[in-house]
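Spelled out, the chains give:
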Amino acid sequence: MATGIKDIAHAVEAAAVMGLFTARPHVLALGEPTHGEDSLLDLRNELFRQLVDQEDYRTIAIESDCLKALVVDDYVASGTGTLDEAMEHGFSHGWGASAANRELVRWMRAHNDSRPASERLRFAGVDGPLEITGAASPRQALTALHGYLSAQLDTDLLPCTGEALDRLLGSDGRWTDPAAMTDPARSVGQSAGAGQLRLVADDLVALLDAQAPHLSKATSREALDRARLYGRTATGLLRYHHWMAADSPARLTRLVGLRDQMMAHNLLAVAERGPALVHAHNSHLQRERSTVRMGGTPLEWWSAGALVSARLGEEYAFLAMALGTIPHQGVDAPPPDTLEGLLYALPDSRCVIAAPQLATALGDTRLAPRVSPWFGYAPLDPDHLPHGDGIVFVKDVPADESLSGRS
């Protein structure tokens, strides 16, 4: 079987990736089955550099806070601030400590140097201001949106004053209490004030849409796009906090689904700006329903990739990443009857394979699902193979000074 598959395995480079498609995908997503391994991010960087140079992709988006990422975007697009400041303030989840992420940002800034604005690379975060332990206060997004609108419109059109908005928000600490993730009673998401804020946010976003013809002339496209980002982030965060406070069996399912919905909205907005490359966990980018066990409870939801694919169709493409071993995490050679085991028998240390061709080569062969001994690594589901575009396989992941794995 490995001999036949060898004929459809190619080097991981832009030409081989583009060979998987009849036309360049507008959004090309590269997944990873674990976080925090710089060697995998180095591979991402190498491939993305080739795709930018050869296929004219204009935005690189990653699984990081969409608001924090504005700091990185300002640096790579116009040189605002320093590289150190961009790494310290422009990433969530601790990703700013990654040497590979630093190299990506450094290269993007160097790439843009001396290029006209229309040809510069842009950076984006597609995740919401969310962490595993909770969600951010909606203050930054709401006050930025309110400030943008109040500077351009008659204040009588706004649903409240800035002072009233500040009173409704209260202290940020009441929104970010980590205990609220496991105890709904600790969340303020269903308080009377939070309900009022949801109405205010809805009115502000509606006003932004209603005044778009004026705002598009009175301000720059960049400013209007950022206002829209603030609007969808504010409404998304308030919806997320509402469900954090819910005493419902569906609470966790709604939370993971809402996170990916926010990611999908951000990715669709990025796509409106032009051809984009995106990197995130496989579970956020795949077309099939995603699954995870959280606190012993199995959860299932539609990922950002599934939502974007439903909207963009063939203009969205997904390359899943699969791994052989991660020795420093106790992930040894995969069993030969798994998808990873089949790929591990190939001679190359890394390769890209068309998923439909691999499915055809397998025929009626049934592959067993691989079971990971480490929570931070999620093997591919072999049943998803017919629904992907390609697989990037990395045989062995070397130990490095990486971030701890998390999804």
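Predicted model only: the values in this text are computed from it and were never measured.

For the protein, the helix and strand inventory stands at 16 helices and 12 strands. Computed over C-alpha atoms, the radius of gyration of the protein comes to 22 Å, within 12% of the 22 Å expected from 2.2 N^0.38 for 407 residues, which places it in the range of a compact globule. Counting only C-alpha atoms, the protein reaches 70 × 55 × 40 Å along its principal axes. The buried share among the 407 residues of the protein stands at 53%. Taking the average place of the 36 positive charges on the side chains of the protein and the average place of its 52 negative ones, the gap between the two points comes to 3 Å.

Let us now look at the confidence of the model for the protein. Confidence along the protein averages 95 in pLDDT terms, with 98% of residues attaining 70 or more. Residue range residues 402-407 is modelled with pLDDT below 50. Its contacts to residues more than four positions away, or to other chains, number 24 contacts.

So, about the side chain of D260. Within the secondary structure, D260 is located in helix α12 (residues 251-273). R259 provides the closest opposite charge to the buried, unpaired D260, separated from it by 5.5 Å. In this structure the side chain of D260 is engaged in a polar contact, spanning 3.0 Å, whose partner is the side chain of H284. The residues touching D260, leaving out its near neighbours within four places in the chain, are S283, H284, W301, W302, S303, A304 and L307.

Moving on: helix α4 (residues 69-78). Of all 10 residues in α4, 7 are buried; the element is thus mostly enclosed. Among the residues of α4, those classed as buried are A69, L70, V72, D73, Y75, V76 and A77.

Let's shift gears to the packing of α4 against helix α6 (residues 99-112). Where α4 meets α6, the closest approach of the two axes is 7 Å, and the angle between their N-to-C directions is 35°. Contact with α4, carried on its side by V72, Y75, V76, A77 and S78, involves V105, M108, R109 and N112 of α6 and no other residues of that element. Looking at the contact of α4 with α6 residue by residue, the class counts come to 6 nonpolar, 2 polar and 1 charged.

Time to look at the packing of helix α7 (residues 139-152) against helix α9 (residues 192-210). The geometry of a pair of packed helices is captured by two quantities: the angle between their axes and the separation between those axes. Closest axis-to-axis distance for the α7/α9 pair is 11 Å, and the angle between their directions is 40°. By the angle between their axes, α7 is oblique relative to α9. Taken as a pair, α7 and α9 cross one another with a handedness that is left-handed. Facing α7, whose interface residues are L142, L145, H146, Y148 and L149, α9 presents L197, A201, L204, V205, L207 and L208. For the contact of α7 with α9, a count of residues per class yields 10 nonpolar, 1 polar and no charged.

It is worth spelling out the pattern of salt bridges at this point. Throughout the structure, instances matching the rule amount to 19 salt bridges. R350 is the salt-bridge partner of E46, the closest N and O atoms lying 2.9 Å from each other. Of this pair, E46 sits in helix α3 (residues 38-55) while R350 sits in strand β11 (residues 350-354); the two residues are 304 residues apart in sequence, bridging distant segments of the chain. Looking at E46, the relative accessible area reads 29%, which means it is partly exposed. Measuring nitrogen to oxygen at the nearest pair gives 2.6 Å for the salt bridge that ties R102 to D84.

This next bit is on the sheet that holds strand β3 (residues 59-65). Judged by pairing direction, the sheet is mixed, and its 8 strands sit side by side in the order β1-β11-β12-β10-β2-β7-β3-β4 without closing on themselves. The sheet terminates laterally at β1 (9-10) and β4 (122-127), the two strands that pair on one side only. Where strand β2 (residues 27-32) and strand β10 (residues 316-325) come together, 4 bridges link them in parallel fashion. Bridge pairing in β10 links A29 to F318. The strands that helix α16 (residues 355-362) touches are β11 and β12 (390-396); relative to β11, the one it contacts most, it runs at about 80°.

A separate point is the environment of R370. Checked against the element boundaries, R370 lands in the loop between α16 and β12. In this view, R370 contacts L323, G324, V331, D332, A333, P334, P335, T338, E340, Y377 and P379; residues no more than four positions away in its chain are not counted. Looking at R370, its side chain comes within polar contact range of the main-chain oxygen of L323, at 2.9 Å.

With that settled, consider the nonpolar core. Membership of the largest hydrophobic core comes to 45 residues, with the highest contact counts inside it found for L28, L51, I60 and F123. Per-element accounting of this core gives the leading share, 6 residues, to α3. Apart from residues lying up to four places away in sequence, L28 is in contact with V17, M18, F21, L51, Y57, A276, L277, V278, A317 and L319. By size, the runner-up hydrophobic cluster in this structure holds 39 residues, among which are V308, F318, L342 and L380.

With a phi close to 65°, D56 is a non-glycine residue in the positive phi region. Relative to the elements of secondary structure, D56 occurs in the loop between α3 and β3. Positive phi, close to 75°, is recorded for S114, a residue that is not glycine. Here S114 shows up in the loop between α6 and β4.

What counts and what doesn't
- Residues numbered from 1 in each chain as written.
- Predicted model: local features only at pLDDT ≥ 70, side-chain atom pairs only at ≥ 80, totals over all residues.
- Heavy atoms only, no water.
- Helix = DSSP H or I, 4+ residues; strand = E, 2+ residues; numbered from the N terminus.
- Rg over C-alpha atoms; globule rule 2.2 N^0.38 Å.
- Buried < 20%, exposed > 50% of the residue type's maximum accessible area, 1.4 Å probe, protein only.
- Lys, Arg positive; Asp, Glu negative; His and termini not counted.
- Charge placed at Lys NZ, Arg CZ, Asp CG, Glu CD.
- pLDDT = per-residue confidence, 0-100.
- Contact = heavy atoms within 4.5 Å.
- Salt bridge = Lys/Arg side-chain N within 4 Å of Asp/Glu carboxyl O.
- Polar contact = N/O pair within 3.5 Å; in protein donor to acceptor, adjacent residues only side chain to side chain.
- Axes fitted to C-alpha atoms, helices over the stretch in contact; angles between N-to-C directions.
- Nonpolar A, V, L, I, M, F, W, Y, C, P; charged D, E, K, R; others polar.
- Parallel < 35°, antiparallel > 145°, perpendicular 65-115°, else oblique.
- Left-handed = near helix turned anticlockwise from the far one by under 90°.
- Pairing = 2+ DSSP bridges.
- Core = buried A, V, L, I, M, F, W, Y, C linked by side-chain atoms within 4.5 Å.

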